[in-house]
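Chain and residue survey
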Amino acid sequence: MAKMNSKDSRMRSSTSIFIVVGLCCFFYILGAWQRSGFGKGDSIAEKITKQTDCTIISNLNFETHHSGETVATVDDSEKNVKKFEPCPAKYIDYTPCQDQKRAMTFPRENMNYRERHCPPEEEKLHCLVPAPKGYVTPFPWPKSRDYVPFANAPYKSLTVEKAIQNWIQYEGNVFRFPGGGTQFPQGADAYINQLASVIPIKNGTVRTALDTGCGVASWGAYLLKRNVIAMSFAPRDSHEAQVQFALERGVPAVIGVLGTIKLPYPSRAFDMAHCSRCLIPWGGENDGMYMMEVDRVLRPGGYWVLSGPPINWKANYRAWQRPKEELQEEQRKIEEIAKLLCWEKKHEKGEIAIWRKRTNADSCPGRDDSRENMCEATNTDDVWYKKMDKCITPYPEVNSPDEVAGGQLKPFPERLNAVPPRIASGSVPGVSVETYLEDNKLWKKHVKAYKRINKIIDSGRYRNIMDMNAGLGSFAAAIESSKLWVMNVVPTIAEKDTLGVVYERGLIGIYHDWCEAFSTYPRTYDLIHANGVFSLYKDKCNTEDILLEMDRILRPEGAVIFRDEVDVLIKVKKIVDGMRWNSKMVDHEDGPLVPEKILVVVKQYWVVGDNSTSSE
């Protein structure tokens, strides 16, 4: 018994040592930001490092659970690290699956050429995408909403094209975003106030929104202070760098378009959808297909806002310089499709029209869900690279005329931790109410440990955060703060499709396959969380490709938290050590005997031309 107590004591002592070492090592890495960045990033890390006095140990000891492999073996494996070179300067803003040159080879019908078209294996880059000269850490939120450093996205075309529309202004070494837009010359706040007179934005009923053709995402930026989070999207460079500007401002956005394939979001995801002069042909030649896709992703009882042409065409056709007959026909078609979808028109004033989707099929007079224009009752969330249909997505069944199809949601923030309807109804196989609550509890524990490792997680230093394998969204729920937002990615190969649950919690996210590049510009995320990603994609695609994509989308001096089995992380660490990342392995918060480990990483600061052997 004494022997066992002695062993337990040693184990507890070992656990404490490893946790302390992990904390110290990470602070050491954070301190490297300032040195590698020559003051270009920020001074927070330097202050933390000065407060931390510890001895850096080069490796953790895995002998207790990694039999047959000694510390020396791990050391030896790290000596043969492949060094990745910088990409040529022309790739500073490279977006692999929305590359302009490749896009122009595809048909223009229904915006096909603006959709995702990823490079074949032989054309993938195996280099590090550089930052532009002068790149600096973005301003903290909420200042970033209004100001973006010119060096981070040095493109002035929007300041000329949208000069009279108050989108963006160039002032010395920064861009300023006054909060204006084509349809809201008085500012986004005044425009949102108009919407809020009809839509219940204030009470938490409306939490998730979709902004189609978002511009620089000022609508989404100003909704955030009202506790509404918008998923904004626009095509690559329809106006130069618009999505890049949105993300530099700290506003959720992706490169995307309503084209020929379904939007990468689950059915019944958004409480509100919005188009402000977004130039989408809602009543065009596609028989209402785009409005039908909006209907699919709109929650029962949700709202659709359309402002700009053709609304109130009688008063505006001269200013819009379009024939009134053409505008009249366009609005007639929109009204006809809305009636087919059984949306109730709630408001039309000036150039703003608002419709509301019915709460269930029973509340739709005369609607017959067995008609030919209804989609087949298959998995309506199976959307990755699936062709958009010219059909109406049926409502989930209800038991009474007053029941909300799919389930009634609580207002936000209560919605964040309440049991989502998809789980309460048992529609996510293998996930019960009990497992959901346990998952919530577990991730609160994990996030608490992350905050001990990296004390600046919720300081405002990290604004744009990505969870590469979001599961039920519990990481995002545990880290929820007005200082940050999380893009919850549900991999298309995940065992369970949980993105609908993520949205029911009042969070946002997207489907994605990590064998391909993400639909964003380089340097758009401050912190990336990768839980089990490399175990999930083992034998599916090249680990190196996924890590290089992570490097592309991670800001200089940004951080990554990997959580995975130790064998997997050893291989990952060997690759990232050749990518200008500083890395350190840390034990699981429950101690060194747990085979799951945490690899913490900080991307070094460097810009185009720094030790580059392949610049152009």
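Within any chain, residue numbers begin from 1 and follow the written order of that chain's sequence. For this predicted model, a pLDDT threshold of at least 70 governs which residues receive local features, and a threshold of 80 or more governs which side-chain atom pairs are given and counted, while totals over whole chains, interfaces and linings are taken from all residues. In computing side-chain values, all of the structure's heavy atoms are included and hydrogens and water are not.

This paragraph deals with helix α12 (residues 324-341). Taking 1.5 Å of rise per residue, the 18 residues of α12 would be expected to cover 26 Å, and the 26 Å separating its terminal C-alpha atoms lies within 8% of that figure. Every buried residue belonging to α12 is among L327, E330, Q331, I334, I337, A338 and L341, and all of these are buried. For α12, the buried positions fall inside an angular range of 125° around the axis, keeping them on one side. The exposed set on the far side of α12, more than 90 degrees from its buried face, consists of E325 and K339. Here, two residues are considered to be in contact whenever any of their heavy atoms come within 4.5 Å of each other. Elements are defined by DSSP. Helices are runs of H or I of four residues or more, strands are runs of E of two residues or more, and each kind is numbered from the N terminus. Tucked inside the fold, the buried residues of α12 contact α10 (289-297), β8 (298-307), α11 (313-320), β9 (343-349) and β10 (352-357). Remark: C342 follows α12 within two positions and exhibits a positive phi of approximately 65°. Each residue after the first adds 1.5 Å to the expected span of a helix. Classification of residues uses two cut-offs on accessible area relative to the type maximum, computed with a 1.4 Å probe and protein chains only: under 20% is buried, over 50% is exposed, and between them is partly exposed. As used here, the arc is the angular range of directions from the helix axis to the C-beta atoms.

Only centres within 6.5 Å qualify two rings of Phe, Tyr or Trp (six-membered ring in Trp) as a pair; their planes then separate them into stacked at under 30 degrees, edge-to-face at over 60, and tilted for everything else. Applying the stated rule across the entire model yields 18 aromatic pairs. Ring centres of W304 and W355 lie 5.3 Å apart, and the angle between their planes is 35°; on these two criteria the pair is classed as tilted. Placement of the pair is W304 in strand β8 and W355 in strand β10, with a sequence separation of 51 residues. Each member of the pair, W304 together with W355, is buried. On the numbers, 6.2 Å between centres and 85° between planes, the contact of W443 with F475 is edge-to-face. In this pair, W443 is assigned in helix α14 (residues 433-453) and F475 in helix α15 (residues 474-479), connecting sequence segments 32 residues apart. A single burial state applies to W443 and to F475, both of which are buried. Cluster of aromatic residues (ring-pair linked, three or more members): F150, Y170, F175, F177 and F245. Over the aromatic face of Y395 sits the side chain of K357, whose NZ or CZ is 5.3 Å from the ring centroid. R463 extends its terminal NZ or CZ atom over the ring of W141, reaching a point 3.8 Å from the ring centre. Lysine NZ or arginine CZ positioned within 6 Å of the ring centre and within 35 degrees of the ring normal marks a charge as sitting over the ring.

The next thing to look at is the pairing of β10. Where burial is concerned, most of β10 is hidden: five out of the six residues are buried. Sheet analysis places β8 next to β10, joined by five bridges and oriented antiparallel. Bridge pairing in β10 places W304 opposite W355. Inspection of the sheet shows β9 paired to β10 by six bridges, in the antiparallel sense. Note that in β10 the partner of E344 across the bridge is R356. Two strands form a pair only when DSSP identifies at least two bridges running between them. Taken together, β9 and the strand that follows it, β10, pair antiparallel across an intervening segment of two residues, in which G350 is found at a positive phi of about 60°.

What follows deals with the sheet that holds β10. Taken in spatial order, the seven strands line up as β6-β5-β4-β7-β8-β10-β9 in an open sheet, and their pairing is mixed. Since the sheet does not close on itself, it has two edges, and those belong to β6 (253-255) and β9, each with one partner. The average angle at which neighbouring strand axes cross in this sheet is 20°, direction not considered. Contacts between helix α7 (residues 188-196) and the sheet are confined to β7 (270-276), β8 and β10, with β10 contributing the most and set at about 45° to the helix. Inter-axis angles, ranging from 0 to 180 degrees, are taken between N-to-C directions of lines fitted to C-alpha atoms, where helices are fitted over the stretch in contact. On the sheet, α10 packs against β4 (208-212), β7, β8, β9 and β10 and is oriented at approximately 140° with respect to β8.

Here α10 crosses α12 at 40°, and the two axes come no closer than 10 Å. Judged by the sense of rotation from one axis to the other, the crossing of α10 with α12 is right-handed. Contact with α10, carried on its side by M291, M292 and D295, involves I334, I337, A338, L340 and L341 of α12 and no other residues of that element. Each residue is assigned to one of three groups, with Ala, Val, Leu, Ile, Met, Phe, Trp, Tyr, Cys and Pro labelled nonpolar, Asp, Glu, Lys and Arg labelled charged, and all others, Gly among them, labelled polar. Tallied by class, residues from the contact of α10 with α12 come to seven nonpolar, no polar and one charged. Less than a right angle of anticlockwise turn of the near helix away from the far helix marks a crossing as left-handed, whereas a clockwise turn marks it as right-handed.

Before going further, it helps to spend a moment on the side chain of D564. With respect to the helices and strands, D564 occurs in strand β15 (residues 554-565). Only four residue types enter the tally: Lys and Arg on the positive side, Asp and Glu on the negative side, with His and both chain ends excluded. Note on definitions: salt bridges are taken to be side-chain nitrogens of Lys or Arg within 4 Å of carboxyl oxygens of Asp or Glu. In this structure, D564 is buried with no salt-bridge partner, the nearest side chain bearing the opposite charge being K538 at 9.2 Å. Counting of polar contacts relies on pairs of N or O atoms within 3.5 Å, with two restrictions inside protein: one atom must be capable of donating a hydrogen and the other of accepting it, and residues adjacent in sequence are counted only when both atoms are side-chain atoms. Among the polar contacts made by the side chain of D564, one reaches the side chain of S535 at a distance of 2.4 Å.

This next bit is on the confidence of the model for the protein chain. Close inspection of predicted coordinates is inappropriate for parts of the model with low pLDDT. Averaged over all residues, the pLDDT of the protein chain is 85; the fraction at 70 or higher stands at 83%. For residues 1-39, every residue scores under 50 in pLDDT, and the model assigns this stretch 60 contacts once sequence neighbours within four places are set aside. Scored from 0 to 100, pLDDT records how confident the predictor is in each individual residue. Here residues 41-78 scores under 50 on pLDDT; set against residues more than four positions off or in separate chains, the count is 64 contacts.

Before going further, it helps to examine the nonpolar core. Among buried residues, the Ala, Val, Leu, Ile, Met, Phe, Trp, Tyr and Cys ones that are joined through side-chain atoms within 4.5 Å form a nonpolar core. By size, the foremost hydrophobic cluster in this structure holds 135 residues, and its most contacted members are Y265, W282, M550 and F562. The dominant element in this core, judged by the number of residues it contributes, is helix α19 (residues 566-576), at seven residues. Counting the residues that make up this core, at least three belong to each of domain 1 (187-369) and domain 2 (414-603). With sequence-adjacent residues up to four places away left out, W282 is seen in contact with T212, L258, C275, G288, Y290, M291, V294, W304, L306, I334 and I337. Formed by nine residues, the second largest nonpolar core is a distinct cluster that contains F175, F177, V216 and A241. Throughout the structure description, domain borders are defined by an automatic or database domain assignment.

Let us now look at the state of the cysteines. Only a pair of cysteine sulfur atoms within 2.5 Å qualifies as a disulfide here. Using the criterion set out here, one finds six disulfides in the structure. Two residues, C97 and C118, share a disulfide whose sulfurs are 2.0 Å apart. A torsion of 110° about the S-S bond marks the disulfide between C97 and C118 as right-handed. With a gap of 21 residues between them, C97 in the loop between α3 (71-77) and α4 (100-103) and C118 in the loop between α4 and α5 (143-146) connect regions that are remote in the sequence. On the basis of relative accessibility, which here comes to 24%, the residue C118 falls in the partly exposed class. Note that C342 is cross-linked by a disulfide to C364, the S-S spacing being 1.8 Å. Its torsion about the S-S bond being 120°, the disulfide of C342 and C364 is classed as right-handed. Here C364 lies in the loop between β10 and α13 (421-424) and C342 lies in the loop between α12 and β9, a separation of 22 residues in the sequence. According to the relative accessible area criterion, C364 is buried, its value standing at 6%.

Moving on, we get to the packing of α11 against α12. Any two packed helices are characterised by the angle at which their axes cross and by the distance between the axes. In the contact formed by α11 and α12, the axes pass within 9 Å of each other and the chain directions differ by 130°. By the angle between their directions, the pair α11 and α12 is classed as oblique. Here the hand of the crossing between α11 and α12 comes out right-handed. Note on element contacts: α12 touches α11 through K324, L327, Q328 and Q331, opposite W313, Y317 and W320. Convention used here: angles under 35 degrees read as roughly parallel, angles over 145 as roughly antiparallel, angles from 65 to 115 as roughly perpendicular, and any remaining angle as oblique.

Within the open sheet, the seven strands sit side by side as β13-β12-β11-β14-β15-β17-β16. Their pairing is mixed. Taken across any chain shown, the strands that pair with only one partner, and hence form the sheet edges, are β13 (508-512) and β16 (581-587). On average, each strand axis in the sheet is tilted by 20° relative to the strand beside it, whichever way the strands run. Two elements, β16 and strand β17 (residues 596-603), share seven bridges in a ladder whose sense is antiparallel.

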